[in-house]
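Secondary and tertiary structure notes
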Amino acid sequence: MVYDVVVIGAGAAGLMCAAQAGYAGRRVLLVDHANKAGKKILMSGGGRCNFTNLATTPQNFYSENPYFCISALKRYRPEHFVSLIERHGVDYVEKAPGQLFCASSAKDIVNVLLTECEWAGVEVSLSTSISRLERMGDSMRLATSLGSIDAGTVVIATGGLSIPTMGATGFGYDIARQFGLDVLPTRPGLVPFTLSDSWKERTAALSGVSVPCEVSCNGKRYIEPMLFTHRGLSGPSMLQISSVWQPGDAITINLLPTEDAADVLRYARHATPKRLLSTWLGERFPKRFAQALLEWYPDANLTSPMAEYSNDALDHWAQRLNQWQLKPSGTEGWRTAEVTMGGVSTEAISSKTFAVKDLPQLRFIGEVLDVTGELGGYNFQWAWASGVACGQAC
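What you are looking at is a predicted structure, and each value in this text was computed from that prediction instead of being measured. (Residues numbered from 1 in each chain as written. Predicted model: local features only at pLDDT ≥ 70, side-chain atom pairs only at ≥ 80, totals over all residues. Heavy atoms only, no water.)

1. Observations concerning the pairing of strand β10 (residues 147-156)
Relative to β10, strand β1 (residues 2-8) is paired through 6 bridges, and the arrangement is parallel. In the sheet register, valine 2 faces β10, and the bridge partner there is aspartate 150. Looking at chain direction, strand β9 (residues 139-144) and β10 are connected through 5 bridges and run antiparallel. What sits directly across from alanine 143, in β10, is serine 148. Hairpin connection of β9 to β10: 2 residues between the antiparallel strands. Direction of pairing for β10 relative to strand β21 (residues 359-364): parallel, over a ladder of 3 bridges. The partner of isoleucine 156 across the bridge, within β21, is phenylalanine 364. (Pairing = 2+ DSSP bridges. Helix = DSSP H or I, 4+ residues; strand = E, 2+ residues; numbered from the N terminus.)

Here it is, written out as structure tokens:
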């Protein structure tokens, strides 16, 4: 069997790339070891798929080479993908500023991509394994469960290591190493934190409670809700900061991100001196969390009015509220990570065509590369943009 382009990986980037290459007049084969296309798309966003972010910029991505993503993101913008799904009649909603989700189901996005592949003449082969990839002059040869396949270009769109239950493997990294490319250290990103000892017990008791906050670590900060879990902390703010957190780092949580706690506590003491601290906390936080704060800190006098709290005592509480520091014991790991940090180094990859610079018949796109977006639809936009740029250049 001979094809102009073989795309390995029927996820977001692979589907988009295959369709674009097909429309460019290439004979395209799209293969995946999974039995269903777009599995990660289907489970993302709680089954609704946060398929893009209208505010996407290169600053929303992590990479050893922060300039690499600029070209593709400029050429294929969020409004281009929105136009695509609108042509297919997909309804969507903006849940948070810029974050677009399917109105009904992530299946709509997969159906759009598969339809585009069909219209473009792409052959799709699922449940297909690849045992070997080798260079044959100016082309490539694949040993697959379908038999031997020759291809003018092979595109690796196999994703990263996140969520292995969806079929994630290190195949793309193995191929990169085989052909002499650097693979930067990988670690889970956009992943919940785990806590140990007393803090694990404390957060477990609050499991399911969500609290708005600002979290900061290693020069990054995010204002998003956090969620207490049986094992630690999750929610958008924790997922975001996990991408810059390193083992041993502390995270700083500001529970009143729009207020100076010292000022508002002193004002409360002055304005309502007979009010209890527990009452004041209960007005600002979910009741379970407000009660927990009082239990965590034994210096809280549950029966004394705020008038009896000294400036020093209020300052102690202000620090707990504005600068609560925790040192996570780890993360939930690949099992629940939404993305992979690190991956195939972009140094040897063209930012315009995604071809390996000394081996143009081999290309890498999507999550397998060392380009990782923040939470909020950015990683899907990278999949679309890199897939389009590569597919049109094949």
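Back to the write-up after that little detour.
2. What to know about the sheet that holds strand β17 (residues 324-326)
Taken in spatial order, the 7 strands line up as β17-β16-β13-β14-β15-β12-β18 in an open sheet, and their pairing is antiparallel. Each edge of the sheet is formed by a strand with only one pairing partner; in this case those strands are β17 and β18 (330-331). Relative to strand β15 (residues 232-234), strand β12 (residues 193-194) runs antiparallel, the two being bridged by 2 bridges. Each bridged residue has a counterpart across the sheet, and for threonine 194 the counterpart in β15 is glycine 232.

3. Observations regarding the environment of threonine 272
Looking at the secondary structure, you find threonine 272 in the loop between α9 (261-271) and α10 (277-284). As a C-alpha pair, threonine 272 and glutamine 361 span 89 residues in sequence and 73 Å in three-dimensional space.

4. With respect to the pattern of salt bridges
For the coordinates displayed, the defined rule picks out 13 salt bridges. Across the pair arginine 77 and glutamate 79 runs a salt bridge whose closest N-O atoms are separated by 2.8 Å. Judged by its relative accessible area of 35%, arginine 77 falls in the partly exposed class. A salt bridge links arginine 266 to aspartate 315; its shortest N-O distance comes to 2.8 Å. Here aspartate 315 lies in helix α12 (residues 311-322) and arginine 266 lies in helix α9, a separation of 49 residues in the sequence. Look at arginine 266 and you get partly exposed, because its relative accessible area is 31%. Judged by relative accessible area, which is 30%, aspartate 315 ranks as partly exposed. Each of Arg231, Glu332 and Arg335 takes part in one network of salt bridges that share partners. (Salt bridge = Lys/Arg side-chain N within 4 Å of Asp/Glu carboxyl O. Buried < 20%, exposed > 50% of the residue type's maximum accessible area, 1.4 Å probe, protein only.)

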